[in-house]
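Residues per chain are reported as follows:
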Amino acid sequence: MEQVLFYILAAVVVIATIFSISEKHAVHAIIYLVTSFFALATIFYLLGAPLVAAFEVIIYAGAIMVLFLFVIMMLDLGHPENVPMPNSRDWWPALLLGAVTLGSLVVLVAGRSPLPAGNPGGITIRDFSVMLFSKYGVAVEIISMQLLFALVGALYLGKRRRSGMRERNGSCGEKTK
Amino acid sequence: MIVPLTHVLILAVILFILGLICVLVWRTNIIMMLIGIEIMLNAAILVFIGGANHWGAADGQIFSLMIVAMTSAEVSLALALVVYLHRRKRTVNTDEFNSMKG
């Protein structure tokens, strides 16, 4: 039952991602990507990581994608007729490189012996939390500092500079003030 | 382990290649390039989760959490850059961003 569910969800993830990257409307692409992330979170749950599944939904689908939507709406990018569409000259090198990588994967998988058996022990949230705050406590501190630096950097970039901006985009800059 | 680790890795590789194709195809649109990077990072998270499940160790789950935190920092900075560049040039087309300082 869980195996069948895994393959169905894998198909959902791949199809939603394909729709997302071939969509010319940026908002539709984000919505397809949220669908893909929900299916991926369910796959994480099936693979024994309920906490990561919850964070995937909360942070990825909830926060990051909404941030993308905010930026798209704020900059008014939701007009696909203004966006240059990739033509076939853009598509064929990307598809060729992807096909080469996928082909090498298939050759690799077909020609090797099965992986050594692992140690299928369940990971409880208690194990996860104890290891996170004891063995990897320094990493948590570093990540928190990284988030702080990103916050400072985003504040600096978002600050409106008076000089040099006004003569560049005169009336537009005045309008958004 | 409900499915072999190989199948999880194949799914992750397919996702990674889709993200790579997204970055390569939409290399004139900065928003779609960021979406491609998100897809690739999700493939990396999937590899970590599959490994953690296969070997029964919590380290993979911890590092997937680190990737999520790193991604949120990266996306906030990148979107601040997009807003800044859009304020300067009124576009998100990367071909227009061809000059430094002025």
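Residues numbered from 1 in each chain as written. Chains lettered and ligands numbered in written order. Predicted model: local features only at pLDDT ≥ 70, side-chain atom pairs only at ≥ 80, totals over all residues. Heavy atoms only, no water.

Chemist: Requested: an account of the confidence of the model for chain A, with residues and values cited.
Modeler: Residues and elements named next belong to chain A. Of all residues in chain A, 90% have pLDDT values of 70 or greater, and the mean over the chain is 84. Mean pLDDT values over the elements of chain A span from 44, in helix α7 (residues 170-175), up to 93, in helix α1 (residues 2-21). Note on residues 170-177: pLDDT under 50 across the span, and five contacts to partners over four residues away in sequence or across chains. (pLDDT = per-residue confidence, 0-100. Helix = DSSP H or I, 4+ residues; strand = E, 2+ residues; numbered from the N terminus. Contact = heavy atoms within 4.5 Å.)

Chemist: Just give me the short version of helix α2 (residues 26-46) of chain A, but keep the residues and values in it.
Modeler: A rise of 1.5 Å per residue sets the reference length of α2 of chain A, with its 21 residues, at 30 Å; its end C-alpha atoms lie 30 Å apart and thus fit the reference within 8%. In the segment just after α2 of chain A, G48 of chain A is the residue with positive phi, at about 80°. (Expected span 1.5 Å × (residues − 1).)

Chemist: Describe the pattern of salt bridges, with residues and values.
Modeler: All told, the structure shown has one salt bridge over all chains when counted by the stated rule. Where D59 of chain B meets K135 of chain A, a salt bridge forms, and the shortest distance between an N and an O atom there is 3.3 Å. Here D59 of chain B, found in helix α3 (residues 59-89), pairs with K135 of chain A, found in the loop between α5 (125-134) and α6 (137-158), and the two come from separate chains. You can call K135 of chain A exposed: its relative accessible area is 52%. (Salt bridge = Lys/Arg side-chain N within 4 Å of Asp/Glu carboxyl O. Buried < 20%, exposed > 50% of the residue type's maximum accessible area, 1.4 Å probe, protein only.)

Chemist: Which residues make up the interface of chain A and chain B, and what values do they have?
Modeler: Residue-level contacts link 82 residues of chain A with 71 residues of chain B. Between chain A and chain B, roughly 7000 Å² of surface is buried when both sides are summed, and carbon and sulfur atoms account for 77% of that area. Among the residues of chain A in contact with chain B, I21, L47 and F68 of chain A are the three that bury the most area, contributing 10% of the side total. Counting the contacts that link chain A with chain B gives one salt bridge. In this structure, the connection of chain A to chain B is made through seven residue pairs in polar contact (both at pLDDT 80 or more). Within the residue set of the side of chain A that touches chain B, elements represented by two or more residues are α1, α2, α3 (50-74), α4 (88-110), α5 and α6 of chain A. For the side of chain A that touches chain B, the element with the most residues is α3 of chain A, which contributes 12 residues. Residues that form the side of chain A that touches chain B fall into these classes: 59 nonpolar, 13 polar and 10 charged. (Buried area = accessible area lost by both parts, 1.4 Å probe. Polar contact = N/O pair within 3.5 Å; in protein donor to acceptor, adjacent residues only side chain to side chain. Nonpolar A, V, L, I, M, F, W, Y, C, P; charged D, E, K, R; others polar.)

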